[in-house]
Amino acid sequence: MPYSFVRLSAPALMLVVANSAAAQSFADFCPGGDPETEAAVVGYVTDPEAETIVPGATVAASWVQFDARQRVEAEVGMEGLYAICGLPQDMEVSLRAVFGDRRGEAVPYTTAVTLAQQDLSLSLTSDPRRREEVGSLAAGGSRSRILGSEVIRAEDLVDLPEMSVYELLRQHSLLKFDRMSTLGEVILLTSVTLSSWGSFREQAMEVRINERREGDGVNAIRELSIDEVSRIEILSRTQASARYGGDGYIGALVITTRDR
């Protein structure tokens, strides 16, 4: 699918970004919002390498409040501008631009004022399959324990930075992501039990999101944020067969989302 974006010369691009969106009022962007209790962030999403704005992308703001992950999304308009309303005031949030399977860097932002501008970058040319390293994720404690667990719950994810389910599970000790010549990238469940040939057993897994089987499970979890997750279960062939009968013969990665 071709990308839809507007190409600008470098001077024109800088002129657009310099024309501050935040110079307008809170009511201009959030006519139904309450500036006494809410905050908003606006800005442009651009691809600096290609010198373009990126209309059609999505910007997500996520934060932790009341011991739970919260998430609000907004679409980038044709002028490359996004506006996210309904944010709590004086809160640290993470902002990230996403376009299909391409994800920009997570940008920390604090809603210290009612309305402010935060521009974001999103590369349309870099390799979308590059693994994002989250160094603190496996640093120890509860974070390291969830990456060895067969069940991951929403409360296990509260203190983690915003990322896709793909980025999370790429670091799980029970899973391996491998590229097969005819199947593309697949998810394998590894076992510490040695096979008769002296190597570790590996078992391909299907992905189910809210019990629906995904035809392309790897891309499905690339586009799913951990902010949207209520529960992830890693089922062996025996466990999946007990739950799904013959449909579970290859094992299953079962994801339940919060909005189910």
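Refer to the structure printed above.
About the criteria used
- Residues numbered from 1 in each chain as written.
- Predicted model: local features only at pLDDT ≥ 70, side-chain atom pairs only at ≥ 80, totals over all residues.
- Heavy atoms only, no water.
- Helix = DSSP H or I, 4+ residues; strand = E, 2+ residues; numbered from the N terminus.
- Buried < 20%, exposed > 50% of the residue type's maximum accessible area, 1.4 Å probe, protein only.
- Contact = heavy atoms within 4.5 Å.
- Areas by Shrake-Rupley, 256 points an atom, 1.4 Å probe, with all protein chains shown as cover.
- Salt bridge = Lys/Arg side-chain N within 4 Å of Asp/Glu carboxyl O.
- Phe/Tyr/Trp six-rings, centres within 6.5 Å; stacked < 30°, edge-to-face > 60°.
- Lys NZ or Arg CZ within 6 Å of the ring centre and 35° of its normal.
- Pairing = 2+ DSSP bridges.
- Axes fitted to C-alpha atoms, helices over the stretch in contact; angles between N-to-C directions.
- Core = buried A, V, L, I, M, F, W, Y, C linked by side-chain atoms within 4.5 Å.

Participant: I'd love a proper account of the overall build of the protein, names of residues and values included.
Facilitator: Each helix and strand counted, the protein has 6 helices and 19 strands in total. When each of the 260 residues of the protein is scored for burial, the buried share is 43%. The contacts of the protein with a sequence gap of at least 6 include a subset with a gap of at least 24, amounting to 62%. As presented, the protein carries roughly 13,300 Å² of accessible surface, and 50% of it is formed by carbon and sulfur atoms.

Participant: Run through the pattern of salt bridges, naming residues and quoting values.
Facilitator: It is possible for side chains of opposite charge to pair when their charged atoms get near one another. Counting across every chain of the model gives 15 salt bridges. Its salt-bridge partner being E162, residue R96 comes within 2.5 Å of it at the nearest N-O pair. Placement of the pair is R96 in strand β7 (residues 92-99) and E162 in the loop between β12 (151-153) and α4 (165-169), with a sequence separation of 66 residues. When sorted by exposure, R96 lands in the same class as E162, which is buried. Via salt bridges that share partners, R69, R71, E73, R96, R103, E162, E167 and D227 belong to a single interconnected network.

Participant: Got a sec to walk through the packing of aromatic side chains? Specific residues and values, please.
Facilitator: Centre-to-centre distance and the angle between the planes together describe a pair of aromatic rings. Across all of its chains, the model carries 1 aromatic pair by this definition. Arranged with centres 5.3 Å apart and planes meeting at 80 degrees, the rings of Y166 and F177 form a pair that is edge-to-face. One end of the pair, Y166, is in helix α4; the other, F177, is in strand β13 (residues 175-180), and 11 residues separate them in sequence. A single burial state applies to Y166 and to F177, both of which are buried. Stacked on the ring of Y244, the Lys or Arg R208 has its end atom at 3.8 Å from the ring centre.

Participant: Any details on the sheet that holds strand β19 (residues 252-257)? Residues and values, ideally.
Facilitator: Strand pairing in a sheet is mediated by backbone hydrogen bonds. Such pairs are either parallel or antiparallel. On the basis of which strands lie adjacent, the open sheet formed by 5 strands has the order β12-β18-β19-β16-β17 and mixed pairing. Strands with a single pairing partner mark the edges of an open sheet, and in this sheet they are β12 and β17 (212-213). Across 2 bridges, strand β16 (residues 206-209) lies against β17 in antiparallel orientation. Residue pairing in the sheet places R208 in a bridge with R213 of β17. Packing of helix α6 (residues 237-244) onto the sheet brings it into contact with β16, β18 (229-235) and β19, and relative to β18 it is tilted by some 115 degrees.

Participant: Break down the pairing of β16 for me, with residues and values.
Facilitator: By the alternation rule, side chains of β16 split into E206 and R208 and V207 and I209, which are all buried. Note: β16 against β19, 4 bridges, orientation parallel. Considered in β19, the bridge of V207 is made with L253. The turn joining β16 and β17, which pair antiparallel and follow one another in sequence, is formed by 2 residues; a positive phi near 50 degrees is taken by N210.

Participant: Give me the nonpolar core: which residues, what numbers.
Facilitator: Within the largest apolar cluster, 27 residues are counted, with the highest numbers of intra-cluster contacts made by V165, L168, L175 and I255. The leading source of residues in this core is α4, at 4 residues. Excluding residues that lie within four positions of it along the chain, I255 makes contacts with V165, V207, R208, I209, N210, I221, L224, V229, R231 and I232. Counting residues in each nonpolar core, the second largest holds 23 residues, with W63, L95, F99 and L124 among its members.

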